[in-house]
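A look at the structure
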Number of protein chains: 2
Amino acid sequence: MENSVHLPEPAIRRLPWYLSYAKLALEKGETTISSTQIAFAIGVDSSVVAKDLSYIDVAGKTRVGYNTFTLIEVLETFLGFTKSHPAFLFGVGRLGGALLQDNGLRQFGLEIIAAFDVKYELAGTNINHIPIHHFDNMCELRRKTGVDIAVLTVPINRAQEVADFLIEVNFKAIWNFTPIRIKVPDHIVVQNTSIYAHLAVMYNRLEQLKNE
Amino acid sequence: MENSVHLPEPAIRRLPWYLSYAKLALEKGETTISSTQIAFAIGVDSSVVAKDLSYIDVAGKTRVGYNTFTLIEVLETFLGFTKSHPAFLFGVGRLGGALLQDNGLRQFGLEIIAAFDVKYELAGTNINHIPIHHFDNMCELRRKTGVDIAVLTVPINRAQEVADFLIEVNFKAIWNFTPIRIKVPDHIVVQNTSIYAHLAVMYNRLEQLKNE
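Residues numbered from 1 in each chain as written. Chains lettered and ligands numbered in written order. Predicted model: local features only at pLDDT ≥ 70, side-chain atom pairs only at ≥ 80, totals over all residues. Heavy atoms only, no water.

1. Considerations on the overall build of chain A
Scanning chain A for helices and strands turns up 9 helices and 9 strands. Expressed as lengths along the three principal axes of its C-alpha atoms, the size of chain A is roughly 60 × 50 × 35 Å. A buried classification covers 53% of the 212 residues belonging to chain A. Sequence separation of at least 24 residues holds for 58% of the intrachain contacts in chain A that already meet a minimum separation of 6. Accessible surface, chain A: about 9600 Å² in total, of which carbon and sulfur atoms supply 52%. Separation of charge centres in chain A, based on 20 positive and 22 negative side chains, amounts to 2 Å. (Helix = DSSP H or I, 4+ residues; strand = E, 2+ residues; numbered from the N terminus. Buried < 20%, exposed > 50% of the residue type's maximum accessible area, 1.4 Å probe, protein only. Contact = heavy atoms within 4.5 Å. Areas by Shrake-Rupley, 256 points an atom, 1.4 Å probe, with all protein chains shown as cover. Lys, Arg positive; Asp, Glu negative; His and termini not counted. Charge placed at Lys NZ, Arg CZ, Asp CG, Glu CD.)

2. Thoughts on the interface of chain A and chain B
How big an interface is tends to be stated in terms of the accessible area lost upon association of its parts. Each partner contributes residues to the interface: chain A has 76 residues there, and chain B has 76 residues. Each partner contributes to the roughly 7000 Å² buried at the junction of chain A and chain B, and carbon and sulfur atoms together form 66% of this total. On inspection of chain A and its partner chain B, the count reaches 2 salt bridges. Where chain A packs against chain B, one counts 26 residue pairs in polar contact (both at pLDDT 80 or more). Here the side of chain A that touches chain B gets 17 residues from one element, more than from any other, and that element is helix H9 (residues 195-211) of chain A. The class makeup of the residues in the side of chain A that touches chain B is 40 nonpolar, 21 polar and 15 charged. (Buried area = accessible area lost by both parts, 1.4 Å probe. Salt bridge = Lys/Arg side-chain N within 4 Å of Asp/Glu carboxyl O. Polar contact = N/O pair within 3.5 Å; in protein donor to acceptor, adjacent residues only side chain to side chain. Nonpolar A, V, L, I, M, F, W, Y, C, P; charged D, E, K, R; others polar.)

3. Some words on the environment of Ala 39 of chain B
Residues and elements named next belong to chain B. One can find Ala 39 in helix H2 (residues 35-42). The class for Ala 39 is buried, based on a relative accessible area of 4%. Considering only alpha carbons, one finds Ala 39 and Leu 79, 40 residues apart in sequence, at a separation of 19 Å. If we skip the residues at most four places from it in the chain, Ala 39 touches Val 44, Asp 45, Ser 46 and Val 49.

4. Overview of the packing of helix H1 (residues 9-27) of chain A against helix H3 (residues 46-55) of chain A
Residues and elements named next belong to chain A. With their axes 10 Å apart at the nearest point, H1 and H3 run at an angle of 100° to one another. What the angle tells us is that H1 and H3 run roughly perpendicular. Every residue of H3 that contacts H1 at Ala 11, Arg 14, Leu 15 and Tyr 18 is listed here: Val 48, Val 49, Asp 52 and Leu 53. Its residues assigned to classes, the contact of H1 with H3 shows 6 nonpolar, no polar and 2 charged. (Axes fitted to C-alpha atoms, helices over the stretch in contact; angles between N-to-C directions. Parallel < 35°, antiparallel > 145°, perpendicular 65-115°, else oblique.)

5. Quick notes on the UniProt feature "binding site: NAD(+)" (unreviewed entry) in chain A
All names here are of chain A. Summarizing the sequence annotation, UniProt attributes the feature "binding site: NAD(+)" (unreviewed entry) to Gly 91, Val 92, Gly 93, Arg 94, Leu 95 and Gly 96 in the numbering used throughout. Cross-referencing the annotated residues with the largest cavity identifies Leu 95 as lining it. Within the element layout of this structure, Val 92 appears in the loop between strand S3 (85-90) and helix H5 (94-101). By relative accessible area, Val 92 is classed as buried at 9%. Residue contacts for Val 92: discarding those within four places in its chain leaves Gly 97, Leu 100, Ala 115, Phe 116, Asp 117, Leu 122, Ile 127 and Ile 132. (UniProt positions renumbered as here; feature names shortened; annotations may be inferred. 1 Å grid on protein atoms, 1.4 Å probe; cavity = no way out; pocket = protein on both sides within 12 Å on 5 of 7 lines; lining within 4 Å.)

6. Regarding the nonpolar core
Of all hydrophobic cores here, the largest spans 154 residues; its most connected members are Phe 90 and Leu 110 of chain A together with Leu 110 of chain B. The residues contacting Leu 110 of chain A, other than those within four sequence positions of it, are His 85, Ala 87, Leu 105, Ile 149, Val 151 and Trp 175 of chain A together with Leu 199, Met 202 and Tyr 203 of chain B. (Core = buried A, V, L, I, M, F, W, Y, C linked by side-chain atoms within 4.5 Å.)

7. Focus: empty space enclosed by the protein
Considering all chains together, one arrives at 3 cavities of 30 Å³ or more under this definition. For the largest cavity, the full set of lining residues is Leu 95, Ala 98, Leu 99, Asp 102, Phe 177 and Ile 195 of chain A together with Leu 95, Ala 98, Leu 99, Asp 102, Phe 177 and Ile 195 of chain B. Listing elements by their share of the lining of the largest cavity, those giving two or more residues are H5 of chain A together with helix H5 (94-101) of chain B. Residue composition of the lining of the largest cavity, by class: 10 nonpolar, no polar and 2 charged. (Points joined across faces, edges and corners; volume = space filled by probe spheres on them.)

Below you can see the structure in the form of structure tokens.
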């Protein structure tokens, strides 16, 4: 069953690493893998791997480890990657446009079925076969489709107001790619994915290397 | 001076939020802002904001707060966003192609000056005016340009070997967008940005909402 267990967020974020590693192992013909192997390959402590995997419903035998194929299936299902989760994207600017181009999202279960922008000249066009509509038509399309996941790529000065509006019309999850943090009620799921914040960390660590 | 202080990673990741908020405040004509204001607006504890800002060299007056314009300047410089950091991108697939389209990276100081792939048919083409070369020509171009930041968007079964090679030829930082964790020596800066792991967290939390 998908996602029925409450895992700590860091654990959930590690599971896709194990999944990727299991896929590689299967490619190489390794029909069983142990948590120790996974741990060594990706540089995470093996007790952490074992504990993370204990949360999900996969039977592993001591010493022998997990059946690789089963582990892949169980992880993919648990992580929700095998199901299609329809979503709307808001803000077809640089980053929004780039995300529409990324078919990888679909491979991980996210199906952006429509994008919205306030620019009238964008309405009626499409990127990577995903139709772009004017924001004014959003509520109607939402009623027809029942989509409850929003990908937020609007300019920062619109992020909070768009988020507020989306919550008002009953979106349940917001994947926030804007570099500003949005405030939402407790019952709304938010993931803040500011890739630019990672850049800042990288620059900082690089600068320190140079100063060493 | 840029990045001369060793901040904990979570603190560095929060600073871009404060920067975005300060930019919004300036747009609205607010010439001073306090850490309390920032804290309230983005939903972070105000003692955290004050502590984070204490690391960087910005003079704030009690009660009055910071000069908004100065705060923006100091944060942008500290975070390395005002400087151009040249980088190479490896793997012009779905995600790699999407990142090449995202001019937002340049706004945050990352200048991808060339992209590389092993597909011969891609060599000589470009995306968004960024030239794509065959991987074989990389070392020569690296010697000419001195680039030491790599953006990694290769398939997962190539991630570790490409990373190993990049380190061998003296790259100092790897921004890893692949969903697999790569192992690197301590002196190499790595940021793992698997946007798909965030999807897994979002699905999990959504599923739990439905089960409540």
